[in-house]
Amino acid sequence: MIRFSSRRNRPIERTRLTLLCAALLMIAAGGVVFDVGGARGVMSSAAYADEPANESVARTAEPDDPYEPFVVIRAKKVITNAADEDADQEIDNGMVVIANGKIHSVGRSLEYPLNAKVIDATDDVVMPGLISPVTRIGLPRYSRGGVHGDLCVVDELYPDPERFEPLLDAGFTTVGYVPDGDGFPGRAHIMRTAGPEDQQTLLSPAYLYFTGDKSDLREALKRAKQEIEKVEKARAEHEKKLAELAKKAEQAKQEAEEKKPEEGDKDGAEKKDEKPTTQSTTQPTSQPAFEPPKIDPALQPLVDLLQEKDAPGLKILIQTESAADYVHFAEVLAEYDVAHRFVLDNDWQSDFEYVLERFAEDEPPVLMQPVVSRVPYSAERINLPRMFADAGCELSLRPWRDSTRAHHQYRGRVAELVRAGLPRETALKAMTLLPARLLDIDDQIGSIAEGKRADLVILSGDPLDPTTRVRSVMIAGEIVHRVEEPE
Amino acid sequence: MMRTTGLLLILCLAVAIVTPVSAQESQPASRPATQPASQPTSGPTTTAATTTSTATTTSSQAAEEEEPDRYLAVIGGRVHTMTGPVLDGATVLTKNGVIEAIGTDVQLPPECEIVDASGRFVYPGLVAANSTGVFAGSDPRDRTNMFSLPMTVALAGGITTARTGATAAKLTYGTTEDMLIERDLFITLRYRRSSPLQRAELRADFERVRDYLRDMKKYEQEKERDEDAEEPDAEWLKGKYEQYKKLIEGSAVAYADASSLQDLVDYAKLSQQFGFKLIVNGAVEGWIVADELGRANIGAIVSPRVNTGFGASQWEPDERYNRPNGWTIENAARLHNHGVVVAVIPGQTSVTFWGLAGRDLLHLAMEAAFAVRGGLSNEAALRAITIDAARLMGIDDRVGSLEVGKDADIVVADGDLLHYMTQVHYTIVNGRVAYDKSEETLFAHIRPDGRWEVPEFDDQWPRRLEWPEED
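These numbers were taken from a predicted model, which means no experiment stands behind them. (Residues numbered from 1 in each chain as written. Chains lettered and ligands numbered in written order. Predicted model: local features only at pLDDT ≥ 70, side-chain atom pairs only at ≥ 80, totals over all residues. Heavy atoms only, no water.)

Engineer: Sorry, what's going on with the interface of chain A and chain B here?
Structural biologist: By a frequent convention, interface size equals the accessible area lost on bringing the separate parts together. Contacts between the two partners involve 14 residues from chain A, matched on the other side by 11 residues from chain B. For the pair chain A and chain B, the two sides together bury roughly 1,000 Å², of which 53% comes from carbon and sulfur. Among the residues chain A hides against chain B, the three largest losses belong to A:His328, A:Tyr354 and A:Tyr377. Together they make up 39% of the total. The partner of A:Arg218 in a salt bridge is B:Asp142, with the nearest N and O atoms 2.7 Å apart. Inspection of the region where chain A meets chain B yields six residue pairs in polar contact (both at pLDDT 80 or more). When contributions to the side of chain A that touches chain B are tallied by element, the ones reaching two or more residues are α4 (214-259) and α7 (323-335) of chain A. With five residues, α7(A) is the single largest residue contributor to the side of chain A that touches chain B. Broken down by class, the residue content of the side of chain A that touches chain B amounts to six nonpolar, two polar and six charged. (Contact = heavy atoms within 4.5 Å. Buried area = accessible area lost by both parts, 1.4 Å probe. Salt bridge = Lys/Arg side-chain N within 4 Å of Asp/Glu carboxyl O. Polar contact = N/O pair within 3.5 Å; in protein donor to acceptor, adjacent residues only side chain to side chain. Helix = DSSP H or I, 4+ residues; strand = E, 2+ residues; numbered from the N terminus. Nonpolar A, V, L, I, M, F, W, Y, C, P; charged D, E, K, R; others polar.)

Shown next, in the form of structure tokens:
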């Protein structure tokens, strides 16, 4: 039996009894379950008693695939970025237990099967993989205009094993691939940068991406609304027609009833009678079903958004280049209520400060670039991401430019924001958990928490330290990429 | 008997006093009904007060859900109304972006934003008869960057309304609300000597439309006598013909770029012959034929300092001509004296940043001062950048002067606008402070307290040519 605990100095007498009970219980439970499952391992047990040991045993008892070996990472520090505020955000000398490509448990000392593969990263830091939520890295330039809600980037993806090499080097495990073009070029495809092919897609089709000006947005939404009106109009007409038919049928019935007594003259009356009778007999039995007019597939996602249909990940990400852009778009969105998020292109000289108050009124999540800007036409430097975070917006970040270089500089740039006053925890979450939430995939990735996918990055030190390098990247519980040590 | 009548009188008085008070209590946000207005605007003010009070009573229930009324008052300044007298220490009260009252004893509502203009000069917002780079796109509400530097700088120059193409719009900083004034200000004509074919075509088109209108009139007269009268064919009356018809009927205004003597004379003749209203942009040599332009009722957008550009200019006076030619600083004055409605614009109609005291949109007021140097009176120079410019564009019902019922576009400057040292302190557009000198980084460092001795204006036209006596 293996024990391990970081709290070895604890006076053992005090907890001896409970410890013994717990150990016995665990062995019993583990043994039973493992017999059933036919696993090859023997469970190790918790070394101290004040943790709810029983519960954890019950949890480990049924992995999805009992033959799948466990993977354990022991690290100097585990940055969990857990959504739960009460959970540990950073665990020194922590460990992550992974089963089946998913996080099984995270903590300071955990039990795992004997045959588990242990990754020794005791000099390193483990954190959730970085996310590049809006990118076209490794895809060719391709442009189109207008509204193409029926298209998705997945259609233009061709197999390219080396596409994600540079991103893996920089520690990215997830990308949101956007279509290229103006207006609504299509829907995004959110995927992992490596791993088993059948598990690469996280969400597809995902969000709608918008780049354009006010009139483009307004026109697209107007057209979508017209489609809805078209269907409603057709439905109203159909109902009117049904009502008319019912009325006619009733009339015919009445007429038939009236004519029944005078069956004597058959020569002329029969022909007259035939029409209504056929109608009255056929209509009620086979009422024409409503066939709604076809909605332009390119507009379908916008129609769904306007009708507030529940579709995972369906929202508009609006590329916003300046404060004026925001004012223009907000004007259109006040008219058309659709789920949306703003992607702010805060550059070296950005004026989003002017609309901060208006923007942060409802405290919406926002996607920004890790750039410390200057106030336009002045030398004064401002930390716009920090201002938006302070104003209550859930801040997500993305590389400041869609290039390999910018992806490599990502952590450094975020560190610059932290130096300029952004809280460290906010910055770490803005790189992992919150972009995942923005893309509606936070149930799958974004933090090291039980049940989430084991897409992790192992770093040589603190992620915000400029000397830190990426050592290796894990996707679906397997090390898929190792960065070679520089000579 | 006497006692009863006295009691009755007292009763009447009491009723008379009580009723306005109770009316006031029911709507605290509205302006007090018993309010003496100033002399020059007493008529309009009192009517405005009564109408607003009735309006609030009728819509008081609906108003509860809507936004409260937005009041802003500019107090204590020397108010240049442009169309009325100059009022010292007067208050301009605005409500929801419209001027509500002007006078020396205007009572302010309880919740009212106050702009202190005591010791300062208050003007209507300036109107730039031509501009580039402030608004963008065919509809300025769609693509304009309302936080842009050109917009801020133009506001710092006191401009609140500008024209781009055939569009007139407000410089609403930070919002597109109430930005657009008018999108089809005029119909542009081309009738130049340099393109004779175009000239001939335009002339023929005008004649055709004129003949049609004449036939139409004839037909209408004949119809009364003869029922079988044939109506003139109007199938062709589309597109440009329709526009020319509007011009001849007087429901639209024509606009043309013309600066040379010949072009100006030609345009004047054309507009006189077909009887349409014309605005010419440029009119550099207009001073030579000012009388003709005046007779033709032409409006002119001129620049006292003609943008001579780099190197030799085509508008430099050329002695080889055996007639007056070229530009002169007296252009605006001479045109004005002959009854031409003159709007003044700088030589450069965009906001540029390559030098102070320049010729760009920031220096619109200074350009008007150059017109004064050329002989225009102070009042006419100010009118040329406010009400006359608005009149040219047909938007003088909304902007260009401080009058009750007009848009609340107000400039507060620390001196006479025509003085070169004057700085604009506040520019108010649609009843909102769009520019505050102390808030912006542009000019906040120049005379930060904003107080300085207003220079006495004694060196005016006609200029004293002798040296001042020394004693």
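Engineer: Would you mind going over the environment of B:Gly97 with me for this structure?
Structural biologist: Residue and element names in this part refer to chain B. Along the chain, Gly97 falls in the loop between β2 (86-95) and β3 (98-103). C-alpha separation for the pair Gly97 and Gly275, spaced 178 residues apart in sequence, amounts to 37 Å. Those residues in contact with Gly97 that sit more than four places away from it in its chain are Arg70, Lys406, Asp407, Ala408, Asn430 and Gly431.

Engineer: I keep staring at helix α11 (residues 364-373) of chain B and nothing clicks. Help me out?
Structural biologist: An α-helix turns once per 3.6 residues; consequently, residues spaced three or four apart project the same way. All names here are of chain B. Buried residues dominate α11, accounting for eight of its 10 residues. For α11, the full list of buried residues reads Leu364, Ala365, Met366, Glu367, Ala368, Ala369, Ala371 and Val372. On its buried face, α11 sits against β6 (126-128), β7 (159-164), α10 (331-337), β14 (341-344) and α12 (378-384). (Buried < 20%, exposed > 50% of the residue type's maximum accessible area, 1.4 Å probe, protein only.)

Engineer: Would you take a moment to explain the sheet that holds strand β6 (residues 130-135) of chain A for this structure?
Structural biologist: Sheet strands line up and pair through hydrogen bonds in the backbone, either parallel or antiparallel. All names here are of chain A. Read from one edge of the open sheet, four strands run β6-β7-β9-β10, paired in mixed fashion. Looking at strand neighbours, the two that pair on one side only are β6 and β10 (201-203), the edges of this open sheet. Going across the sheet, the axis of each strand differs from the next one's by a mean of 25°, ignoring polarity. Pairing geometry for strand β9 (residues 189-192) and β10, over two bridges, is antiparallel. Looking across to β10, one finds that Ile190 is bridged to Leu203. (Pairing = 2+ DSSP bridges. Axes fitted to C-alpha atoms, helices over the stretch in contact; angles between N-to-C directions.)

Engineer: Explain the packing of α4(A) against α7(A) here, please?
Structural biologist: For any two helices packed against each other, the geometry is given by the interaxial angle and the distance between the axes. Residues and elements named next belong to chain A. In the contact formed by α4 and α7, the axes pass within 9 Å of each other and the chain directions differ by 15°. When the axes of α4 and α7 are compared, the pair comes out roughly parallel. Crossing hand, α4 versus α7: right-handed. Residues Lys214, Leu217, Arg218 and Leu221 of α4 pack against His328, Phe329, Glu331, Val332 and Leu333 of α7. In terms of residue class, the contact of α4 with α7 is built from five nonpolar, one polar and three charged. (Parallel < 35°, antiparallel > 145°, perpendicular 65-115°, else oblique. Left-handed = near helix turned anticlockwise from the far one by under 90°.)

Engineer: I keep staring at the side chain of B:Asn331 and nothing clicks. Help me out?
Structural biologist: Relative to the helices and strands, B:Asn331 is located in helix α10. Only 3.1 Å separates the side chain of B:Asn331 from the backbone nitrogen of B:Trp287, close enough to count as a polar contact.

Engineer: Which parts of the structure should I look at to understand the side chain of A:Ser447?
Structural biologist: All names here are of chain A. Tracing the backbone shows Ser447 in the loop between α13 (433-438) and β18 (456-459). Accessibility expressed as a relative area gives 2% for Ser447, which makes it buried. A polar contact is formed between the side chain of Ser447 and the side chain of Lys452, at a distance of 2.9 Å. Leave out the neighbours within four places in its chain, and Ser447 touches Thr80, Asn81, Ala82, Ala83, Pro128, Leu433 and Lys452.

Engineer: Looking at this structure, how should I read the pairing of strand β11 (residues 208-211) of chain A?
Structural biologist: Residue and element names in this part refer to chain A. Residue alternation in β11 divides its side chains into two sets, Leu208 and Phe210 and Tyr209 and Thr211, and both sets are buried. As defined by bridge partners, strand β8 (residues 183-187) adjoins β11 across three bridges and the pair is classed as antiparallel. Within β11, the residue paired with Gly183 across the bridge is Thr211. The pairing of β11 with strand β12 (residues 316-320) spans three bridges and is classified as parallel. From the neighbouring strand, Leu208 faces β12, where its bridge partner is Ile316.

Engineer: What should I look at first to understand the packing of helix α6 (residues 196-225) of chain B against helix α7 (residues 240-249) of chain B in this one?
Structural biologist: Residues and elements named next belong to chain B. Orientation of α6 relative to α7, taken along the N-to-C sense of each, is 65°, at an axis distance of 9 Å. Of the possible angle classes, the one that applies to α6 and α7 is roughly perpendicular. With respect to the hand of their crossing, α6 and α7 are arranged in right-handed fashion. Of the residues in α7, those touching α6 at Glu201, Leu202, Asp205, Phe206, Arg208, Val209, Arg210, Tyr212 and Leu213 are Lys240, Tyr241, Tyr244, Lys245, Leu247, Ile248 and Glu249. Of the residues in the contact of α6 with α7, the class split is nine nonpolar, no polar and seven charged.

Engineer: Help me understand the pattern of salt bridges in this model?
Structural biologist: Pairs may arise between side chains of opposite charge once their charged atoms sit close together. Residues and elements named next belong to chain B. Within the structure shown, the criterion is met by 47 salt bridges over all chains. Here Glu330 makes a salt bridge to Arg334, at a shortest N to O gap of 3.2 Å. The class for Glu330 is partly exposed, based on a relative accessible area of 30%. The residue Arg383 makes a salt bridge to Asp388 at a minimum N-O spacing of 3.4 Å. Asp388 gets classed as buried once you look at its relative accessible area, which sits at 5%.

Engineer: Looking at this structure, I do not really get the sheet that holds strand β8 (residues 167-170) of chain B. What am I missing?
Structural biologist: All names here are of chain B. One open sheet accounts for four strands, arranged β6-β7-β8-β9; its pairing is mixed. Each of the sheet's edge strands pairs with one partner strand only, and the pair in question is β6 and β9 (180-182). Put simply, the sheet's adjacent strands are angled 25° from each other on average, direction ignored. Judged from the four bridges that link them, β7 and β8 form a sheet pairing that is antiparallel.

Engineer: Looking at this model, I keep getting lost on the packing of aromatic side chains. Mind explaining?
Structural biologist: Each aromatic ring pair is specified by the distance between its two centres and by the angle formed by the two planes. Across all of its chains, the model carries 20 aromatic pairs over all chains by this definition. Taken together, the aromatic side chains of A:Tyr326, A:Phe342, A:Phe359 and A:Phe388 make up a single cluster linked through ring pairs. In this structure, B:Arg208 is placed above the aromatic ring of B:Tyr241, and the distance from its NZ or CZ to the ring centre is 5.2 Å. Lying over the aromatic face of B:Tyr321, B:Arg323 brings its terminal NZ or CZ to 4.9 Å of the ring centre. (Phe/Tyr/Trp six-rings, centres within 6.5 Å; stacked < 30°, edge-to-face > 60°. Lys NZ or Arg CZ within 6 Å of the ring centre and 35° of its normal.)

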